Amino acid sequence: QVLRLDRTLQQSVITALADIPTAVAADQGMVVAGFANGEVEILEPGGSAWRPLNLQATATGAATQITFGPAGTVAVGFASGIYGLYDIRDGAALLSDRLDGQVISLDVSAQSLLAVTDLGGSKLTDLGLYTEPRCTLLQRVRELVPFTWENAQLAPAKHPAPTCQ
């Protein structure tokens, strides 16, 4: 038999389902939960109330995967294939990308984020920017960007030497 719901009852069911988390991660007393409507909320250690984590640069759709990342970040994947790394304090998007299919796995390891979808799509992203010491990061910039734009022409970069201990 087919169950047919009137519009009011149908809306009530949809609203009730929106309150059920579709993805959850916990680390050191902090809990992050994602919902079918794409909203993500956080419960701080010792906190008594959830607060919305207003993720920037995301599309609507159910949160399907959540995992903590390096240095105060959280990785969130969605049914739309969008995934990203977000600042846990304000939801600022530090990186965002999209794969075909629903994100079914997000794995953060020492210096990388691996996203995998149900259609077999995957992408490995280097997170060294968020984990490396300042001096190492500045050295990487010097190696990757040996030139600057000065007086409407390319010139050798004059990166200041970092003060490293």
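Residues numbered from 1 in each chain as written. Predicted model: local features only at pLDDT ≥ 70, side-chain atom pairs only at ≥ 80, totals over all residues. Heavy atoms only, no water.

Draft legend 1. Representation of the sheet that holds strand S9 (residues 103–109). Taken together, the three strands give an open sheet; going across it, the order is S9-S10-S11, and neighbouring strands pair in antiparallel fashion. Single-partner strands in this sheet number two, and they are S9 and strand S11 (122–126). Each adjacent strand pair in this sheet contributes to an overall mean axis angle of 15°, direction not counted. In this structure, strand S10 (residues 112–117) lies alongside S11, joined through five bridges in antiparallel fashion. (Pairing = 2+ DSSP bridges. Helix = DSSP H or I, 4+ residues; strand = E, 2+ residues; numbered from the N terminus. Axes fitted to C-alpha atoms, helices over the stretch in contact; angles between N-to-C directions.)

Draft legend 2. Summary view of the side chain of Glu132. Following the sequence through the fold, Glu132 ends up in the loop between helix H2 (128–131) and helix H3 (134–144). Classification of Glu132 as buried rests on a relative accessible area of 17%. Setting aside its immediate chain neighbours within four residues, Glu132 contacts Gln111, Leu137 and Arg140. (Buried < 20%, exposed > 50% of the residue type's maximum accessible area, 1.4 Å probe, protein only. Contact = heavy atoms within 4.5 Å.)

Draft legend 3. Main features of the sheet that holds strand S3 (residues 40–43). Overall, antiparallel pairing links the four strands, which are arranged S1-S2-S3-S4 in an open sheet. The open sheet has two edge strands with one neighbour each: strand S1 (21–27) and strand S4 (51–52). One ladder, built from six bridges, connects S1 with strand S2 (residues 30–35); its direction is antiparallel. Residue Ala23 lies in a different strand from S2, and its bridge partner there is Gly34.

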